[in-house]
Amino acid sequence: MDYTAFLPRPTTTPRYGNRSLHPPLIYHLPLSRSFVLILTYAVSGLAKLIVTQYFSHLGELNCPPVPSYFWGHLQLLHDAENTNLYMKWMEQLGPIFTYRGFIGGHRLVTMDTRAISHILSQPHEYPKPSFVRDTLSSMAGEQGLLVVEGEAHKRQRKILNPSFTASQVRELTPIFYDKASKLRDIWLDHIDSARTASKPKRHRPETSANRKLPPPLRSSACCSEPRRPSHKTLLSPATPTLPLTPPPRPDSPMFRLRQRFNTADSPSEGSTFALAQPHPPSRVDVLNWLGRATLDVIGLAGFGYTFDALVDDQNDLATAFAEVFSAARKFRFVTVLQAWFPILHYFHAKRNSIDRSLRTMHQIGTELIRNAHERLAHSGEAPTDFDFRERFEKSRLDSDGTLKGRDLLSLLIKSNIATADKERMSQNEILSQISTFMAAGHETTSSALTWTLYALSQHPACQSRLRAEISMLGTPTPTPETLNGLRYLDMVVRESLRLYSPVSQTMRVALKDDVVPVAVPYQDAKGKTRENIMIKKGDIISIPIQAMNKIKNVFGEDAENFILDLWSTRYRPERWERPPDPNAMPTLYSSILTFLYGGRACIGYRFALLEMKAFLFVLLRSISFENCPDIVIEKRLNVVTRPLVKSEPERGNQMPLLLSRVPQLVSAKTSPQQTVPTPSSLSDSD
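Bear in mind that the values here come from a model prediction, so they are computed numbers and not experimental data.

Trainee: I'd like to hear about the overall build of the chain, residue by residue, with values.
Mentor: Counting its secondary structure elements, the chain contains 24 helices and 16 strands. Counting over 686 residues, the chain shows a buried share of 51%. Excluding contacts between residues fewer than 6 apart, the proportion of contacts in the chain whose partners are at least 24 apart in sequence is 76%.

Put into structure tokens, the structure is as follows:
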């Protein structure tokens, strides 16, 4: 059998999924005909929107004051994650209300748990709106799992499910540890470089020959580096006078640790323990590096392919994803128009860079498929004719009848040689799946890890307690069962995913009229009490994932309120010592909506959780994370929530943190390399 038949066919016009990467045909039409075509398309779209709004019942619900009839609340929503807009609206209007979109279109917002469960459990009746699918398809192909709906989605998910079972994910743990260790070593090298650069030079008597003018005034070291073209400028030493961490509280683990082992204050007979002097911190854009590391993880775990993003400063794939997922710094009206009139995407200011990024992903996806087929052919596993196919399929089964090679690419190839049409993926589907999991499989996890490190840098007590727990283990690579058994690590991951959901909201559109039940009766705009929501075909529903993760009646009174005391802010992993009632909000994981719920819940949530825990375990054992002083981090959304330095918007998305080596406890009776393990009794609850 000729396996080249399963490779994407060469075309004269480069394509990504079903999307041509060349300008549309309209560019080649006469100007008058192009104008008529655009006008007709626009009028039809506006007419459909107006008709849908006329018959909708959503206008009968509460709505906040509208700042603009043409743009509605869209400009306010652009900064919703920084202003806590949904929670403010909920306090004013209740859990069910509407906001206005383009030219006054009503959009339902529900924060009622029963209503959300009803909508998400019926993915065929409530798919993603077309403008959301257009945005996703521009990043991961038009036929990927994130984009397709209905029977196509059900078929693809059935084929891909075996790649993400608990047993399969556990087998990938060594890859997680390997890439986390490489990232740790890179960061430690730069920390050591910063230490060397900050050493004071030997003093020489000043003379007229060596006298220099004082240097010009400059800003703090954590805010003064040039834009990052490579790893050499991604990390730079901070000034030696920067404080490392706030002084430990008397009831903190670090304070008791120093009291117990620091012989400068209380020397003990027969032994001398002392805290090694810490290295000066070095500024690191952790978002960039974590994106590289998780991209290497998905390459090996999903496709058996080494991207080498961690060691290649000019990695094409990493650069492509950085361009595709770069979030806008401010609200752009053209973005709204592009949602309703997709043809305007071709007039995007970054159209050339986006097309270049999509071509890169397309070329790498094609190479992955070709390499996989070549490996099968050279190993003798690939069938060479139709009659051998049955024997080939049997050779891929274990003794118990289960399928060998459950990695993503193996299953994609298996689906492409399946005899049954209903199980077969097309060539474009395979390319879209590869791009989908390259994007979703690394971008969401790197975002979650970035925000977790940011939270720990803001809360040194939580970071110290977590480090004390993971330092108790005598192995640098614990088993998945041991890793999942670390209680405080699990609580930190849950709290981080609760407060920093990589995807902050999701949208659905009703394909038919429906009556949505609610958990608690509510009042409409006229003060009438209602016990359900009347939905008409075409109504758009917005589900604010991040806001749902802050509901007080599920997560407690401090779930979303800011508290001025540094040591008791809303980031409190200890809340998970008493998890919320699982029936309070039906979700896929831990009563939080981060991984959604129902038929379109995140297929790779086990993969993401274990990867996050492995990276945190490796990094926090050796590195301490601190926030840069005088820097304000804001959230910016482009499918995934990414950080932005408020005072440095021109540098794009970044998360600068100050990194330093963890001070080691060294004993005079042992070698300098040996460290004293942190006692298990040290915890904030002591």
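Trainee: I'd like a description of the pairing of strand β4 (residues 106-110), backed by residues and values.
Mentor: Most of β4 sits out of view: five of its five residues are buried. The pairing of strand β3 (residues 96-100) with β4 spans five bridges and is antiparallel. Bridged to Ile96 within β4 is Thr110. Hairpin connection between β3 and β4: a loop of five residues separates the two successive antiparallel strands, and Ile103 in this loop has a positive phi of roughly 45°.

Trainee: Report on the environment of Ile413, specifying residues and quantitative values.
Mentor: Within the fold, Ile413 resides in helix α17 (residues 408-416). Take Ile413: its relative accessible area is 7%, and that puts it in the buried class.

Trainee: Talk me through the packing of helix α18 (residues 427-458) against helix α19 (residues 460-471); I want residue IDs and the actual numbers.
Mentor: Relative to each other, α18 and α19 sit at 110°, their axes nearing to 5 Å. As judged from the angle between their axes, α18 and α19 are roughly perpendicular. Here α18 contributes Leu456, Ser457 and Gln458 to the contact with α19, which in turn contributes Pro460, Cys462, Gln463 and Leu466. For the contact of α18 with α19, a count of residues per class yields four nonpolar, three polar and no charged.

Trainee: Give a detailed account of unusual backbone geometry, specifying residues and quantitative values.
Mentor: Of note in this structure, Asp308 is not a glycine but carries a positive phi near 60°. Note on placement: Asp308 falls in the loop between α12 (286-303) and α13 (316-324). Note on Asp308: relative accessible area 36%, which makes it partly exposed. Located in the positive-phi region is Leu596, a residue other than glycine, with phi close to 65°. Mapped onto the secondary structure, Leu596 falls in the loop between α23 (552-555) and α24 (605-622). By relative accessible area, Leu596 is classed as buried at 14%.

Trainee: Can you explain the side chain of Thr594? Please cite residues and give values.
Mentor: Assignment of secondary structure puts Thr594 in the loop between α23 and α24. Within polar-contact distance, the side chain of Thr594 engages the side chain of Asn549 at 3.1 Å. Once residues lying within four places of it in the same chain are set aside, the contact partners of Thr594 are Leu497, Arg498, Ser501, Pro502, Ile545 and Asn549.

Trainee: Explain the sheet that holds β3 to me, and be specific about the residues and the numbers.
Mentor: Strand order in the open sheet formed by four strands is β3-β4-β11-β8, with mixed pairing between adjacent strands. Strands with a single pairing partner mark the edges of an open sheet, and in this sheet they are β3 and β8 (506-509). The average angle at which neighbouring strand axes cross in this sheet is 30°, direction not considered. Judged from the three bridges that link them, β4 and strand β11 (residues 540-543) form a sheet pairing that is parallel. Following the sheet pairing, Leu108 is matched in β11 by Ile541. Across the sheet, helix α4 (residues 85-93) touches β3, β4 and β11, and the angle it forms with β3 is around 125°. In the packing of helix α5 (residues 113-120) onto the sheet, the strands contacted are β4, β8 and β11, and the crossing angle to β11 comes to about 120°.

Trainee: So what's going on with helix α21 (residues 487-499)? Residues and values would help.
Mentor: Taking 1.5 Å per residue, 13 residues should reach 18 Å; α21 reaches 19 Å between its end C-alpha atoms and fits that length. Most of α21 sits inside the fold, with eleven of its 13 residues counted as buried.

Trainee: Can you lay out the packing of aromatic side chains for me, pointing to particular residues and giving the numbers?
Mentor: In total, this model carries 15 aromatic pairs according to the counting rule given. Measuring from ring centre to ring centre gives 5.2 Å for Phe176 and Phe607, while their planes differ by 85°; the resulting arrangement is edge-to-face. With Phe176 in helix α9 (residues 173-198) and Phe607 in helix α24, this residue pair connects regions lying 431 residues apart in the sequence. What makes Phe607 buried here is its relative accessible area of 7%. Taking 5.7 Å as the distance between ring centres and 75° as the angle between the ring planes, the aromatic pair formed by Tyr589 and Phe595 counts as edge-to-face. Taken individually, Tyr589 and Phe595 each receive the classification buried, so the pair is uniform in this respect.

Trainee: Got a sec to walk through helix α6 (residues 130-140)? Specific residues and values, please.
Mentor: All of the buried residues along α6 are Phe131, Leu136, Ser137, Met139 and Ala140. Once α6 ends, the next one or two residues include Gly141, with phi positive near 90°.

Trainee: Let's hear about the confidence of the model for the chain: which residues, and what values?
Mentor: The predicted model of the chain averages 74 in pLDDT, with 64% of residues at 70 or higher. Mean pLDDT across the secondary structure elements of the chain bottoms out at strand β5 (residues 235-237), with 36, and peaks at α24, with 97. Taken together, the stretch residues 201-248 has pLDDT below 50 and engages in 76 contacts with residues farther than four places along the chain or on a different chain. Across residues 562-569 the pLDDT falls below 50, and counting only partners more than four positions away or on other chains, this stretch makes ten contacts in the model.

Trainee: Lay out the pairing of β8 in plain terms, naming residues and giving numbers.
Mentor: Here β8 shows a buried face lined by Thr506 and Arg508 and a second buried face lined by Met507 and Val509. As defined by bridge partners, β8 adjoins β11 across four bridges and the pair is classed as antiparallel. Bridge pairing links Thr506 to Ile543 in β11.

Analysis parameters
Residues numbered from 1 in each chain as written. Predicted model: local features only at pLDDT ≥ 70, side-chain atom pairs only at ≥ 80, totals over all residues. Heavy atoms only, no water. Helix = DSSP H or I, 4+ residues; strand = E, 2+ residues; numbered from the N terminus. Buried < 20%, exposed > 50% of the residue type's maximum accessible area, 1.4 Å probe, protein only. Contact = heavy atoms within 4.5 Å. Pairing = 2+ DSSP bridges. Axes fitted to C-alpha atoms, helices over the stretch in contact; angles between N-to-C directions. Parallel < 35°, antiparallel > 145°, perpendicular 65-115°, else oblique. Nonpolar A, V, L, I, M, F, W, Y, C, P; charged D, E, K, R; others polar. Polar contact = N/O pair within 3.5 Å; in protein donor to acceptor, adjacent residues only side chain to side chain. Expected span 1.5 Å × (residues − 1). Phe/Tyr/Trp six-rings, centres within 6.5 Å; stacked < 30°, edge-to-face > 60°. pLDDT = per-residue confidence, 0-100.

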